[in-house]
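One-letter residues, chain by chain:
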Amino acid sequence: MTTTILVSGGAFAPYDVVVGRGLLKAAGAEVAALKPTRAFIVSDETVAAIHGETVRASLAAAGLATGMVTVPAGEASKSFEQLEAVLDRLLVEGLDRKSMVVALGGGVVGDLAGLAAALFMRGIDFVQVPTTLLAQVDSSVGGKTAIDTPRGKNLIGAFHQPRRVLADIEALATLPVRQVRSGWAEVLKHGLICDAAFFDWLGGEGAAGASGDPDALERAVIRSVEIKAQIVGEDEKEAGRRALLNLGHTFGHALEAELAFGDTLTHGEAVALGCAMAFRYSAQQSLCSAAEAERAEAGIRAAGLPTRLSDVDHNFAADALIARMAGDKKAEGGRLTLILARAIGDVFTDKNVDAGAVRAFLIGEGAA
Ligand code: NAD
Ligand code: GLY
C-alpha cells in the first residue's frame, strides 16, 4: 500500500510524493513512467553500499539504461568540488536533455544531485529517492537544492522541483537511531507550525516513530509531507508562508554554527532545541502562554531530543549567537527575524525582533 500526495499550486509542474514500503524495488517502474531516455543514480558511498544495487537493478529491469556516481557520505560533499565531479560524470556518461537524475540518499545527496540536475544542460529532470527521515519529511519536497561554501551553508543553489519523490519507509530500517531522531525533530516542527493534533499524536500514540517503528514513521511521513506540500504549493520561493518552515532554525543554526557544524549536535537536534527556545522566547514576550511553551518542550524532550542549552556540552556566548542569528557582526541593538508562536500549531514570522531582548533571553537560558 502506498499513499500519494500531490505537490502543486506554484509555477512549477505538479508532482507526486509517493510514501510507502517497497518503493526502492519499484523505483524502475516509477521512473520509467516518466519516460526518460535513461536514468542515472547519484548517491553517497554509504547509501550506495546498502541500497544502490536494489535501485540500479530495478531501473535496469524497467528497461532503462542506467549507472551510478557516488560521493563521500556527509555534509562536506555539498561542495563545488563534488558538484563538478557529478556534472563531469553525467557528461562522460553521455546523458542528454531527456535523461533523469535519480537522487538516492539523504538531504546531502538530494541537495547536491538536485543542483546538478538544475545545471546540467540548463536543467534536466530528477527524481528524489530520500533514504533518511529528514529527507523524506523535508528536503526531498519543495525544490530547494544547494551546496555550501566556506562562507556558509546552502549559499549556492537553485529552486528545481523534482518530477517525483519516492519515500520508502523500509529504507529507514538501516538508518542509525540518532539520524531517525534527528528527522523526527523536523516532524515535530511540522506539528508545532500548524497541526496541534498531529503534535499531540507524535507525543502519544505515534511516539514509537522516534525510535524507528515503521507504522508510526509511515503516518508521520505522510502527515509531514502533506503539511510541507501545502506550504510549498502556496509559496514556492519563500516570499511569505514558507518561511514558517524555519521554526527553530534561526536559534538552531546559530548553535550549529558555533559548534562548527560538528558532531556535538546534528541538524535535527539543533532544530529541536531551537523550537523549544522559540516557544520559550514567545512565552517570555507574552505571545503565547508559559503552559504552551512547556507542552512544546515536553513533546520534544519525550522524543529524546535536546530542549535546553544545558543539554549541550558547550559554553555558548550570547553575543556570538546573536551575531550568527543576524548573519553579520553588527546586529547588537539591531533587529532579527524569528518564527514565533501564539500556540502549538499557530506560528508567525516576526521580522522586527529586538536583538537586545533576545540577548537577555539567551543569558536567561544559560549563555554567557
Ligand atoms: P545526510 O544526507 O548526510 O545523511 C545522514 C547520514 O545517513 C549520511 O552518513 C548517510 O550516508 C546516511 N544514510 C542515509 N540514508 C541511510 C540509510 N537508509 N541507512 C543508513 N545510512 C543512511 O543528512 P540528512 O540529515 O539526510 O540531510 C541533511 C542535509 O539536508 C543538510 O545538508 C541540509 O542542509 C539539507 N536540507 C535541505 C533541505 C531542503 O529543503 N533542500 C531541508 C532540510 C535539510
Ligand atoms: N526546509 C525549509 C524549506 O524547505 O523551505
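Residues numbered from 1 in each chain as written. Chains lettered and ligands numbered in written order. Predicted model: local features only at pLDDT ≥ 70, side-chain atom pairs only at ≥ 80, totals over all residues. Heavy atoms only, no water.

- For the chain, an unreviewed UniProt entry supplies the name 3-dehydroquinate synthase and the organism Brevundimonas guildfordensis.
- For the chain, the Catalytic activity (unreviewed entry) comment in UniProt is given as "7-phospho-2-dehydro-3-deoxy-D-arabino-heptonate = 3-dehydroquinate + phosphate". (UniProt positions renumbered as here; feature names shortened; annotations may be inferred.)

## Section: the site of ligand 1
And step 1. Glu75, Lys78, Thr131, Thr132 and Thr174 are the nearest of the 25 residues found near ligand 1.
And step 2. Here Thr131 contributes a side-chain N or O atom positioned 2.7 Å from a nitrogen atom of ligand 1.
And step 3. For ligand 1, an oxygen atom lies 3.4 Å from a polar atom in the side chain of Lys153.
And step 4. Taken by itself ligand 1 offers 870 Å² of open surface, and the protein chains cover 87% of this.
And step 5. Those elements giving two or more residues to the shell around ligand 1 turn out to be α2 (45-61), α4 (107-119), α5 (133-139) and β8 (152-159). (Near = heavy atom within 4 Å. Polar contact = N/O pair within 3.5 Å; in protein donor to acceptor, adjacent residues only side chain to side chain. Areas by Shrake-Rupley, 256 points an atom, 1.4 Å probe, with all protein chains shown as cover. Helix = DSSP H or I, 4+ residues; strand = E, 2+ residues; numbered from the N terminus.)

## Here we look at helix α13 (residues 355-364)
And step 1. Buried within α13 we find Ala355, Ala357, Val358, Phe361 and Leu362. One side of α13 carries all its buried residues, which in axial view fall inside an arc of 155 degrees.
And step 2. Against α9 (249-258), α10 (267-284), α12 (318-326), β10 (335-343) and β11 (346-354) lie the buried residues of α13.
And step 3. Positive phi appears at Gly366, one or two residues downstream of α13, with a value of about 115 degrees. (Buried < 20%, exposed > 50% of the residue type's maximum accessible area, 1.4 Å probe, protein only. Arc of directions from axis to C-beta. Contact = heavy atoms within 4.5 Å.)

## Side note on the UniProt feature "binding site: NAD(+)" (unreviewed entry) in the chain
And step 1. Under the UniProt annotation, "binding site: NAD(+)" (unreviewed entry) lies at Gly107, Val108, Val109, Gly110, Asp111, Thr131, Thr132, Lys144 and Lys153.
And step 2. Assignment of secondary structure puts Val109 in helix α4.
And step 3. Overall, Val109 belongs to the buried group, its relative accessible area being 1%.
And step 4. Residues in contact with Val109, not counting those within four places in the same chain, are Val42, Ser43, Asp44, Ala103, Leu104 and Gly114.

## What about the site of ligand 2?
And step 1. Contacts to ligand 2 come from Asp138, Lys144, Lys228, Glu238, Arg242 and Leu245.
And step 2. Measuring from a nitrogen atom of ligand 2, one finds a side-chain N or O atom of Asp138 at 3.0 Å.
And step 3. One of the side-chain N or O atoms of Lys144 is found 2.8 Å from an oxygen atom in ligand 2.
And step 4. The protein chains hide 87% of the 200 Å² of surface that ligand 2 would expose on its own.
And step 5. Per-class residue counts for the shell around ligand 2 are one nonpolar, no polar and five charged. (Nonpolar A, V, L, I, M, F, W, Y, C, P; charged D, E, K, R; others polar.)

## Description of the environment of Asp195
And step 1. When you line up the elements, Asp195 lands in the loop between α6 (177-194) and α7 (196-203).
And step 2. Look at Asp195 and you get buried, because its relative accessible area is 14%.
And step 3. When the C-alpha positions of Asp195 and Gly252 are compared, they lie 21 Å apart, and in sequence the two are 57 residues distant.
And step 4. Leaving out residues up to four positions away in the same chain, Asp195 has contacts with His190, Arg223, Ile227 and Gly345.
And step 5. At a separation of 3.0 Å, a polar atom in the side chain of Asp195 contacts the main-chain amide nitrogen of Phe198.

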